[in-house]
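One-letter residues, chain by chain:
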There are 2 protein chains.
Amino acid sequence: MTDQSSARIAAQFAFLTEADRLKSVLRATKLCDGSRFENTGEHSWHVALYALVMAEHAAKPVDVSRVIKMMLIHDLVEIDAGDTPIHSAAALDPALQAAEEQTAADRIFGLLPADQAADFRALWDEFEAAETDDAIFAKSIDRVQPVISNLETGGQSWLEYNVSRDQLEHRVGGKVSRGAPALWTALKQRLDLWFNAR
Amino acid sequence: MTDQSSARIAAQFAFLTEADRLKSVLRATKLCDGSRFENTGEHSWHVALYALVMAEHAAKPVDVSRVIKMMLIHDLVEIDAGDTPIHSAAALDPALQAAEEQTAADRIFGLLPADQAADFRALWDEFEAAETDDAIFAKSIDRVQPVISNLETGGQSWLEYNVSRDQLEHRVGGKVSRGAPALWTALKQRLDLWFNAR
Ligand SMILES: [Ca+2]
C-alpha cells in the first residue's frame with residue numbers, strides 16, 4: 001500500500017468515525033413506540049429506507065439511488081449545528097441556522113479526500129437548495145417520516161409544541177405535497193381524525 | 001386516489017413503521033465514544049455511509065447503489081431474530097440462526113406490496129448468500145464498521161468476549177479481506193498494536 005492510498009483510507013475512516021457522533025444528536029420526535037427520542041443517525045437510515053420504498057410516489061420521476069445518498073448525508077451537519085425542530089421557536093431564524101450549517105458542512109465534508117468532499121458537498125447543497133426533482137422528493141420524505149412517528153405516538157411532538165392542523169399543513173404539508181403529493185393525500189385522513197379529536 | 005393505490009401506500013407505511021423497531025435492537029458494540037450500545041437502525045445507516053465512502057476499495061468493481069440498498073435492509077430480520085454478536089457463543093449455531101432469520105424475512109418483507117416484497121427479499125437473499133461481488137463487498141463493510149468502533153472504545157467488545165488476534169483474523173479479517181482487502185491491510189497495524197499491548 002502506497003503512502004498516498006494509506007492517507008486516503010485514513011481520511012475516509014476519520015470522516016466515518018466523526019459521522020458516528022450523529023447517533024448522539026437527539027431529535028424532537030420519539031420512536032414509534034414512544035420509548036425514547038429518536039437520534040439523527042437512525043433517522044437518516046429510516047428516511048433512506050422511506051425513499052427506497054416510496055420513490056414511485058414522487059411528483060416527478062427521481063433517481064432513487066441519488067435520493068438515498070442525499071438521505072444518508074443530509075443531516076451530518078447536525079453533528080456541529082444540532083437539530084432544530086421545525087415546530088420550535090428556534091426554527092424562526094433560518095438565516096442563522098443556515099450559516100451554522102454551512103460552517104459545519106465545510107468542516108465535516110472537509111474530513112474526506114478532496115474529490116469525495118466536493119461530491120458529498122455538492123449533493124448536500126443540492127438537497128438544501130430543494131430545486132431539483134431528486135431534492136424536492138428527498139425533502140418531502142424527510143418531512144413524512146416524523147409525521148408517521150407522531151401519529152404512532154398519539155401526536156407527541158405536536159402536543160409538546162402545540163401545533164395546529166393549519167400549522168402542520170403550512171410547515172409540513174406544503175413540502176410533502178410538492179415532492180410526494182399522493183403521500184400527503186394518504187395521510188390527510190389520519191391527520192384530520194387526530195386533530196379533530198383534540 | 002383509487003382504493004388500490006390507497007391500499008398500496010398503507011402497506012408501504014405499515015412496513016416502514018414496523019422497520020422503526022430496528023432502532024430498539026441493541027448490538028454488542030458501543031458507539032465510538034463508548035457512551036452506550038449501538039442499535040441496529042443506526043448501524044444500518046452507518047454501514048450504508050461506509051459503503052458509499054469506501055466503494056472504491058472493493059475487491060471487484062461494485063454497483064454502490066445496490067450495495068447501499070442491501071445495507072439499508074440487511075439487518076431488518078433482527079426485529080424478530082435479534083442480533084447475534086459474532087464473538088458470542090450463540091453464534092455457534094448458524095443453522096438455527098439462519099432458520100429464524102428466514103422466518104423473519106417472510107414476515108417483515110411480506111408487509112410490503114408483493115412486487116416490492118419480492119425485490120427486497122431477493123436483495124436480502126443475495127446479501128446472505130455472499131456470492132456476488134456486491135454482496136461480498138457489503139459483507140466486508142458490515143464487518144469493518146464494528147472494528148473501528150472497537151478500536152475507538154479501547155477494544156470494548158473484544159475484551160467482553162475475550163477475543164484473540166487469531167479469532168479476529170478468522171471471524172472478521174477473512175470476510176473483510178475477501179471484499180475489501182485494502183481496508184484490512186489499513187487496519188492491521190492498529191489491530192496489531194492493540195492486541196500486542198494487551
Ligand atoms: Ca450488520
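Just above, that's the structure.
So, here's what we can say about the structure.

Parameters and conventions
- Residues numbered from 1 in each chain as written.
- Chains lettered and ligands numbered in written order.
- Predicted model: local features only at pLDDT ≥ 70, side-chain atom pairs only at ≥ 80, totals over all residues.
- Heavy atoms only, no water.
- Donors = N, O, S within 2.8 Å, 3.2 Å for Na, K, Ca; no water.
- Helix = DSSP H or I, 4+ residues; strand = E, 2+ residues; numbered from the N terminus.
- Buried < 20%, exposed > 50% of the residue type's maximum accessible area, 1.4 Å probe, protein only.
- Polar contact = N/O pair within 3.5 Å; in protein donor to acceptor, adjacent residues only side chain to side chain.
- Contact = heavy atoms within 4.5 Å.
- Least-squares fit on C-alpha atoms with pLDDT ≥ 70 in both.
- Buried area = accessible area lost by both parts, 1.4 Å probe.
- Salt bridge = Lys/Arg side-chain N within 4 Å of Asp/Glu carboxyl O.
- Phe/Tyr/Trp six-rings, centres within 6.5 Å; stacked < 30°, edge-to-face > 60°.
- Lys NZ or Arg CZ within 6 Å of the ring centre and 35° of its normal.

### Structural notes on the coordination of the calcium ion
Residue and element names in this part refer to chain B.
- The protein atoms that coordinate the calcium ion are His43 (NE2), His74 (NE2), Asp75 (OD), Asp142 (OD) and Asp142 (OD), at distances of 2.3 to 2.8 Å.
- Counting along the primary sequence, the residues that act as donors to the calcium ion give the motif H-x30-H-D-x66-D. You can see His74 sitting in the loop between α3 (64–73) and α4 (78–81) and its partner Asp142 sitting in helix α7 (residues 133–152), a full 68 residues away along the chain. For the pair His74 and Asp142, one class covers both residues: buried.

### Let's talk about the side chain of A:His57
- Mapped onto the fold, A:His57 is located in the loop between α2 (40–54) and α3 (64–73).
- Within polar-contact distance, the side chain of A:His57 engages the side chain of B:Gln12 at 2.8 Å.
- Contact partners of A:His57, with chain neighbours within four places excluded, come to A:Gly179, A:Ala180, A:Pro181, A:Ala182, A:Leu183, B:Ile9 and B:Gln12.

### Observations concerning the relation of the copies chain A and chain B
- Overlaying chain A on chain B yields an RMSD of 0.0 Å, the required transformation being a rotation through 180° with an accompanying axial translation of 0.0 Å. Accordingly, the operation relating the two chain copies is best matched by a two-fold axis.
- Looking at the interface residues of chain A, 100% of them are also at the interface in chain B, so both copies use one shared face.

### Digging into the side chain of B:Ser44
- Mapped onto the fold, B:Ser44 is located in helix α2 (residues 40–54).
- The class of B:Ser44 is buried, set by a relative accessible area of 0%.
- Apart from the residues within four sequence positions on either side, B:Ser44 is in contact with A:Trp45, B:Leu22, B:Met71, B:Leu72, B:His74 and B:Asp75.

### Some details on the interface of chain A and chain B
- Taken together, the contacts link 52 residues of chain A with 52 residues of chain B.
- For the pair chain A and chain B, the two sides together bury roughly 4300 Å², of which 71% comes from carbon and sulfur.
- In terms of surface lost to chain B, no three residues of chain A exceed A:Phe13, A:Lys23 and A:Trp45, which account for 18% of the buried area on that side.
- On the surface where chain A and chain B come into contact, there are 4 salt bridges.

### Side note on the packing of aromatic side chains
- For the structure shown, the criterion picks out 14 aromatic pairs over all chains.
- Centroid distance B:Phe15 to B:Phe120: 5.9 Å. Interplanar angle 90°. Geometry classified as edge-to-face. Of this pair, B:Phe15 sits in helix α1 (residues 3–19) while B:Phe120 is found in helix α6 (residues 114–129), placing the two residues 105 residues apart along the sequence. By the burial criterion, B:Phe15 is buried, and B:Phe120 matches it.
- Grouping aromatic residues by their ring pairs yields a cluster made of A:Phe15, A:Phe109, A:Phe120 and A:Trp124.
- The aromatic ring of B:Phe37 is capped on one face by B:Lys30, whose charged end is 5.1 Å from the ring centroid.

Treat this as a map of the structure, not an account of what it does.
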